[in-house]
Amino acid sequence: MSKIYVTKSSMPSIEEYILEIENIWESHWLTNMGEKHRQFQNHLKDYLRVDNIELLINGHMALEMTLQAFDFPAGSEVITTPFTFASTTHAIVRTGLTPVFCDINKDDYLIDCSKIEELITDKTVAILPVHVYGYICNVEEIDRIAQKHNLKVIYDAAHTFGELYKGKGVGNFGDASCFSFHATKVFNSIEGGASCYRDPIIGQRIYDLKNFGIHGLNDVGGIGANAKMNEFCAAMGICNLRHIDEEIEKRRKVYERYTDLLENDKGIRIPLIQKDVKPNYAYYPILINESEFGASRDEVYDLLVSNDIYARKYFYPLTSDFDCYKGRFDSSLTPVAKWVSDRVLTLPIYADLALEDVDRIVRTIENKSKVY
Ligand SMILES: *Cc1c(COP(=O)(O)O)cnc(C)c1O
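Residues numbered from 1 in each chain as written. Predicted model: local features only at pLDDT ≥ 70, side-chain atom pairs only at ≥ 80, totals over all residues. Heavy atoms only, no water.

### Remarks on the state of the cysteines
Okay, step 1: Under the definition given, this model contains zero disulfides.
Okay, step 2: Left unpaired, Cys113 is separated from the closest cysteine sulfur, that of Cys137, by 7.1 Å.
Okay, step 3: For Cys113, a relative accessible area of 11% puts it in the buried group.
Okay, step 4: Not part of a disulfide, Cys196 finds its nearest cysteine sulfur in Cys178, a span of 8.2 Å. (Disulfide = S-S within 2.5 Å. Buried < 20%, exposed > 50% of the residue type's maximum accessible area, 1.4 Å probe, protein only.)

### A closer look at the site of the ligand
Okay, step 1: Around the ligand lies a shell of 15 residues, among which Gly59, His60, Asp156, Ser180 and Lys185 are the nearest.
Okay, step 2: In this structure, a nitrogen atom belonging to the ligand sits 2.7 Å away from a side-chain N or O atom of Asp156.
Okay, step 3: For the ligand, the accessible surface in isolation is 380 Å², of which the surrounding protein chains cover 93%.
Okay, step 4: Given that more than half its atoms are within 2 Å of the pocket grid, the ligand belongs to the largest pocket. (Near = heavy atom within 4 Å. Polar contact = N/O pair within 3.5 Å; in protein donor to acceptor, adjacent residues only side chain to side chain. Areas by Shrake-Rupley, 256 points an atom, 1.4 Å probe, with all protein chains shown as cover. 1 Å grid on protein atoms, 1.4 Å probe; cavity = no way out; pocket = protein on both sides within 12 Å on 5 of 7 lines; lining within 4 Å. Sits in = over half its atoms within 2 Å of the grid points.)

### A short note on the domain arrangement of the protein
Okay, step 1: With domains assigned, the protein is organised as domain 1 (14-238) and domain 2 (244-370).
Okay, step 2: Computed over C-alpha atoms only, the centres of domain 1 and domain 2 are separated by 25 Å.
Okay, step 3: Of the residues lining the interface, 36 residues belong to domain 1; the matching set on domain 2 comes to 37 residues.
Okay, step 4: Counting across the interface, domain 1 meets domain 2 through zero salt bridges.
Okay, step 5: Our count for the contact surface shared by domain 1 and domain 2 stands at 17 residue pairs in polar contact (both at pLDDT 80 or more).
Okay, step 6: Going through the elements one at a time, α4 (86-94), β3 (98-101) and β6 (164-165) are the ones with two or more residues in the side of domain 1 that touches domain 2.
Okay, step 7: Among the elements that make up the side of domain 1 that touches domain 2, the one with the highest residue count is α4 (four residues). (Domains from an automatic or database assignment. Contact = heavy atoms within 4.5 Å. Salt bridge = Lys/Arg side-chain N within 4 Å of Asp/Glu carboxyl O. Helix = DSSP H or I, 4+ residues; strand = E, 2+ residues; numbered from the N terminus.)

### Describing the sheet that holds strand β7 (residues 168-169)
Okay, step 1: Pairing is antiparallel across the open sheet formed by three strands, whose spatial order is β7-β6-β13. On the outer flanks of this sheet lie β7 and β13 (277-278), each paired with one strand and no other.
Okay, step 2: Bridge analysis of β6 against β13 gives two bridges, and the strand direction is antiparallel. Note that in β13 the partner of Tyr165 across the bridge is Val277. (Pairing = 2+ DSSP bridges.)

### Regarding the layout of surface pockets
Okay, step 1: In this structure, the largest pocket spans a volume of roughly 520 Å³.
Okay, step 2: Taken together, 35 residues form the lining of the largest pocket, with His182, Thr184, Lys185, Tyr283 and Tyr314 sitting closest to its centre.
Okay, step 3: Elements supplying a minimum of two residues to the lining of the largest pocket: α3 (59-69), α4, β8 (176-180) and β15 (344-347).
Okay, step 4: It is α3 that contributes the most residues to the lining of the largest pocket, three residues altogether.
Okay, step 5: Tallied by class, the residues present in the lining of the largest pocket amount to 15 nonpolar, 15 polar and five charged.
Okay, step 6: Counting residues domain by domain, the lining of the largest pocket receives three or more from each of domain 1 (14-238) and domain 2 (244-370). (Points joined across faces, edges and corners; volume = space filled by probe spheres on them. Nonpolar A, V, L, I, M, F, W, Y, C, P; charged D, E, K, R; others polar.)

### Some details on the side chain of Ser76
Okay, step 1: Structurally, Ser76 can be placed in the loop between α3 and β2 (77-80).
Okay, step 2: If we ignore the near neighbours within four places in the chain, the residues touching Ser76 are Leu97, Thr98, Lys123 and Val125.

### Focus: empty space enclosed by the protein
Okay, step 1: This structure, assessed with the given rule, holds one cavity of 30 Å³ or more.
Okay, step 2: Its volume calculated, the largest cavity comes out at about 130 Å³.
Okay, step 3: Lining the largest cavity we find 14 residues, and of these Gly134, Tyr135, Tyr255, Leu272 and Pro279 sit closest to its centre.
Okay, step 4: Broken down by class, the residue content of the lining of the largest cavity amounts to 10 nonpolar, three polar and one charged.
Okay, step 5: No fewer than three residues from each of domain 1 (14-238) and domain 2 (244-370) sit in the lining of the largest cavity.

Shown next as structure tokens:
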């Protein structure tokens with residue numbers, strides 16, 4: 001029986017990619033905002049339905065450079081959630097800011113808006129919510145709170161590639177939204193990311209930060225780093241973008257198969273479908289209630305591994321419980337996040353996952369014992 005991993009990177013045919021990179025051999029232009037970079041950025045702007053976008057070499061640098069672009073005073077506080085990938089919290093800390101953790105909702109795992117205001121202090125400068133699993137945060141309420149307290153809003157939109165909320169591209173909410181095009185995501189450019197922003201000054205600063213602050217041949221106006229996307233990644237992005245709608249459609253079939261099979265299982269909570277959202281089926285998170293189901297999340301995870309099926313405890317542990325942050329944060333202050341993190345399991349999902357494999361995964365879970 002072949003191994004099933006939690007995800008499998010989408011790739012164009014090798015012929016399509018070769019055709020796309022052929023003129024790089026003519027131009028010898030490998031990086032530094034070449035033709036592919038320009039094209040990819042324009043195609044993304046259309047696909048994501050945004051006005052302003054800056055490409056970066058990965059989603060993490062999109063977060064760091066977007067945070068830096070706002071030029072917040074060192075030590076300022078950013079309200080965020082610990083139920084996320086390491087990148088979100090690391091980006092805040094690495095840019096000299098202090099994460100303040102807000103709890104999440106029990107039903108959709110998104111930031112609990114009713115708990116944001118009590119965390120605001122005179123040091124708070126921004127809210128950095130995460131659209132976890134492709135669920136879209138309560139953007140209206142976050143916007144209301146931010147306006148009332150004069151805070152910036154930067155979304156970690158790494159999971160929401162191509163999603164629409166009430167017909168609008170998800171990258172249009174808040175002051176900025178950061179996407180990831182990492183190999184493991186719904187859409188990839190091998191490594192890649194982008195920041196969609198509202199204020200053109202922020203865009204200019206992100207550009208500076210990704211390209212050493214170089215303004216002209218003899219003019220370095222900013223203290224930038226290097227986070228440019230190269231032409232090969234951009235070419236991969238151009239190719240994958242041609243097929244993204246088919247890929248999402250194939251994911252939908254996998255997603256629905258899981259739901260058909262799991263929806264009546266006692267002790268398993270299937271993912272939610274959000275109103276007003278055009279989803280991308282990025283993840284299939286289930287929540288396992290041990291006393292009802294008869295096995296714990298960790299037991300189900302181990303059982304799947306013993307059958308060569310690699311699900312993920314995503315997100316476990318909470319970022320606030322990471323060893324590197326020992327003694328700095330108190331995860332008992334976000335009890336719902338902790339509760340979810342102990343019970344959640346994301347099942348394998350990708351465009352090419354065969355429905356028979358979905359059946360096998362579900363059978364393995366339901367049997368609660370080794371199946372061959
Ligand atoms: C993947 C991911 C990132 C980081 O993106 P990279 O492209 O891998 O650097 C940030 N936040 C979340 C929630 C992610 O899932």
